[in-house]
Structure formats: structure tokens, C-alpha cells
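A look at the structure
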Amino acid sequence: MWSEKVVVITGASKGIGKSMSKHFTELGATVIMLYRSSLSEIKQVVEEIKKETGHERVFFEKLDVNDIEMVKNVFQNIISTHKRIDVLVNNAGISFGGALIPSNPVEKWKEIVDTNIMGTINCIHAVSFHMLLAQSGSIINISSLSGLVGIERLSAYSASKAGVIGLTRSLGKEYAPYNVRVNAVAPGYIEETGMVDRIPEKQMTEFRKKIAMGRLGTAKEVAEAVSFLASDKSSYITGQTLVVDGGLM
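Presented here is a report on the structure given in the accompanying data block. Remember, it's a predicted structure, so these values are computed and weren't measured experimentally.

1. Quick notes on the overall build of the protein
When its secondary structure is counted, the protein shows nine helices and seven strands. Expected size for 249 residues packed as a compact globule is a radius of gyration near 18 Å; at 17 Å, the protein falls within 12% of this value. Seen through its principal axes, the protein has C-alpha atoms that stretch 50 × 40 × 35 Å. Accessible surface computed for the protein: about 12,100 Å², of which carbon and sulfur atoms make up 53%. Each charge class in the protein can be summarised by its mean position, and for the 28 positive and 26 negative side chains these summaries are 1 Å apart.

2. What to know about the pairing of strand β1 (residues 6-9)
Every second residue of β1 is oriented toward a common face, with Val6 and Val8 on one face and Val7 and Ile9 on the other, all of them buried. With four bridges joining them, β1 and strand β2 (residues 30-35) adopt parallel strand pairing. Note on β2: the bridge partner recorded for isoleucine 9 is methionine 33. For the handedness criterion, the β-α-β arrangement of β1, helix α1 (residues 15-27) and β2 is classed as right-handed.

3. Considering the packing of α1 against helix α9 (residues 219-230)
For the pair α1 and α9, interaxial distance at closest approach is 8 Å and the crossing angle is 55 degrees. The orientation of α1 relative to α9 falls into the category oblique. The chirality of how α1 crosses α9 is right-handed. When α1 is examined against α9, the residues Gly15, Ile16, Ser19, Met20, His23, Phe24, Glu26 and Leu27 are found in contact with a partner set consisting of Ala219, Lys220, Val222, Ala223, Glu224, Val226, Ser227 and Ala230. In terms of residue class, the contact of α1 with α9 is built from nine nonpolar, four polar and three charged.

4. Examining the environment of serine 144
Mapped onto the fold, serine 144 is located in the loop between β5 (137-142) and α5 (146-149). Assessed through its relative accessible area of 7%, serine 144 is described here as buried. In contact with serine 144, not counting residues within four places along its chain, are Tyr157, Lys161, Val185, Ala186 and Pro187. A polar contact of 3.0 Å, which involves the side chain of serine 144, links it to the side chain of serine 146.

5. Here's the deal with the packing of aromatic side chains
Enumeration according to the criterion identifies two aromatic pairs in this entry. Pairing tyrosine 35 with phenylalanine 60 gives two aromatic rings, centres 6.2 Å apart and planes at 70 degrees, and the pair type is edge-to-face. In this pair, tyrosine 35 is assigned in strand β2 and phenylalanine 60 in strand β3 (residues 58-62), connecting sequence segments 25 residues apart. Given a relative accessible area of 7%, tyrosine 35 falls into the buried group.

6. Brief notes about the sheet that holds β1
A sheet is described by the order of its strands in space; here seven strands give the open sequence β3-β2-β1-β4-β5-β6-β7, paired in parallel fashion. Of all the strands in the sheet, the pair left with one neighbour each is β3 and β7 (241-244). Neighbour to neighbour, the strand axes of the sheet diverge by 20 degrees on average, direction disregarded. For β1 and strand β4 (residues 87-90), the ladder comprises three bridges, and the chain directions are parallel. Each residue of the ladder has a partner; that of valine 8, found in β4, is leucine 88. The sheet strands contacting helix α2 (residues 39-53) are β2 and β3, and the helix crosses β3 at an angle near 170 degrees. Across the sheet, helix α3 (residues 68-82) is in contact with β1, β2, β3 and β4; its angle to β2 comes to roughly 160 degrees.

7. Some words on α3
When the terminal C-alpha atoms of α3 are compared, their 21 Å separation across 15 residues agrees well with the 21 Å that a helix rising 1.5 Å per residue should span. Taken residue by residue, α3 has Val71, Val74, Phe75, Ile78 and Ile79 as its buried positions. Looking straight down α3, one finds its buried side chains confined to an arc of 135 degrees; they lie on one side. Turning to α3, the residues buried within the fold contact β1, β2, β3, β4 and α4 (106-134). Trailing α3 by a residue or two, lysine 83 shows a phi angle of about 75 degrees, which is positive.

8. A closer look at the nonpolar core
The biggest cluster of nonpolar side chains holds 30 residues, and the ones touching the most others in it are Phe24, Met33, Val185 and Val226. Listed by contribution, the elements that provide at least two residues to this core are β1, α1, β2, α2, β4, β5 and α9. It is α9 that contributes the most residues to this core, seven residues altogether. Those residues in contact with valine 185, other than ones at most four positions away along the chain, are Ile140, Asn141, Ile142, Ser143, Ser144, Val222, Ala225, Val226, Leu229, Leu242 and Val244. Residues Ile32, Ile78, Val127 and Val180 belong to the second largest nonpolar core, which totals 25 residues.

Cut-off values and rules
Residues numbered from 1 in each chain as written. Predicted model: local features only at pLDDT ≥ 70, side-chain atom pairs only at ≥ 80, totals over all residues. Heavy atoms only, no water. Helix = DSSP H or I, 4+ residues; strand = E, 2+ residues; numbered from the N terminus. Rg over C-alpha atoms; globule rule 2.2 N^0.38 Å. Areas by Shrake-Rupley, 256 points an atom, 1.4 Å probe, with all protein chains shown as cover. Lys, Arg positive; Asp, Glu negative; His and termini not counted. Charge placed at Lys NZ, Arg CZ, Asp CG, Glu CD. Buried < 20%, exposed > 50% of the residue type's maximum accessible area, 1.4 Å probe, protein only. Pairing = 2+ DSSP bridges. Right-handed = clockwise from strand over helix to strand, strands pointing away. Axes fitted to C-alpha atoms, helices over the stretch in contact; angles between N-to-C directions. Parallel < 35°, antiparallel > 145°, perpendicular 65-115°, else oblique. Left-handed = near helix turned anticlockwise from the far one by under 90°. Contact = heavy atoms within 4.5 Å. Nonpolar A, V, L, I, M, F, W, Y, C, P; charged D, E, K, R; others polar. Polar contact = N/O pair within 3.5 Å; in protein donor to acceptor, adjacent residues only side chain to side chain. Phe/Tyr/Trp six-rings, centres within 6.5 Å; stacked < 30°, edge-to-face > 60°. Expected span 1.5 Å × (residues − 1). Arc of directions from axis to C-beta. Core = buried A, V, L, I, M, F, W, Y, C linked by side-chain atoms within 4.5 Å.

Listed below in C-alpha cells is the structure:
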């Protein structure tokens, strides 16, 4: 099944994005990893994945999800080269810690909302014509536990990720008549992510006590959830948000 599929992942150079790229490669799919900044970093990641999986159909393209014209061009190039996009994973996102108070610049919040919501919309818009015409495809948006419960000092990030969930629900209904499914995954506290790395160890100890399974999740576990939603095994699931949080909620 997967050997015939083309999977496109944004924000693919590190953390959950990197793990998802490797996982889909292991499944046998053709994977296009989209990155924003470091060419040397993405080259190293791609070579690492090829070496570990023995799979050569791993490619990369530079993409700023906020640049709508760039998004259109990159996705058109992918379709022209690979003839199809079966799965789009919208993983690119940014965060900024700080309360929404007068002393903090509102521009930071705007940047987060623009990237996390509009960046997702830009990519879906770019791939939509192809998928709707083919009447086939799966779109998975990476949200966050914070989009469901809200986290203090992450108000903009929480709001943006809640927006991603709302977008997923609506598009699930809009695209269903065309056999294109749209779902989301909302990770909780996951190892190998920048957000967890910024949390002091004392605070993380308290968080672990609240997690029913007593530990942080792994990026691999998020990747497994994403591939389930991307596969035919979830063919009757759309508009949903799968929470991967070890029972924290």
C-alpha cells in the first residue's frame, strides 16, 4: 500500500516532523520533507533517514508556509515531479512563551497565529485542488493538547492550536463528499520537542505526576498515530482530533 503513496510533511527537519518522516519512510512511502531554514540540517536528516531505513525515496524542499506564492509553487513542483500527493501532514509551527500583557509585543502573537493557522490553511489550499479532483487523500493537522485545555503563558499558541482543531472539524465536513479526509493529532508532552526542552525539570516532574501513564510520550508514538489517520485503516474517520497524551486529559 505505502509503496505507491506520496507523503508531504511540513516542519520536517526536527522533533516530531523528523520522526514522522522516518516512520513513513520505514513504511515504504515516498516522503517529501519540507523545511524552512537550515539546508545543512535537512540534508543531514535526509541522509540519516536513508542510512537507517535503506530507503532512497526521501526528498526535501525549502518552504515558508507563510509565503502563499512559495507554497503554491512548491506543491505544484511536487505534483509535477511525483504525479500525486496522497498525504499532507501540516506540522510546521512556532511558539512563544509569555503572557498576553501590555508589556509584551502583540506582533509576536500575530506571528504565531499567522504561521500556525494561516500556514496550515495555505498548504491545504495548495493541495486541495489536486486531492479534490483525484477524490482521494488524507490531511493530518498537528495541533496540541494546549489547543484543547489552554496553557498559561502560551495563550497565542493555545489559541492557534485550538484554531487548527476548528479548521479540521470544518474541513472534515467540506471535503468528505470528495473522499478526502481531514483529521488532527493533538500531542501532549512529548520528548524530543523544543517546547518540552524549555520546561524546567522541577516543573516537568509535576507534569509527569499528572500523566496517567506516568511518562512523557515519544515522537515515534505521535508518528504512529499520524500514520494511522493517514492510512485506509481509518477510512471512516474524518473531522476528528486524536489526542496522544498518555491519559493526561
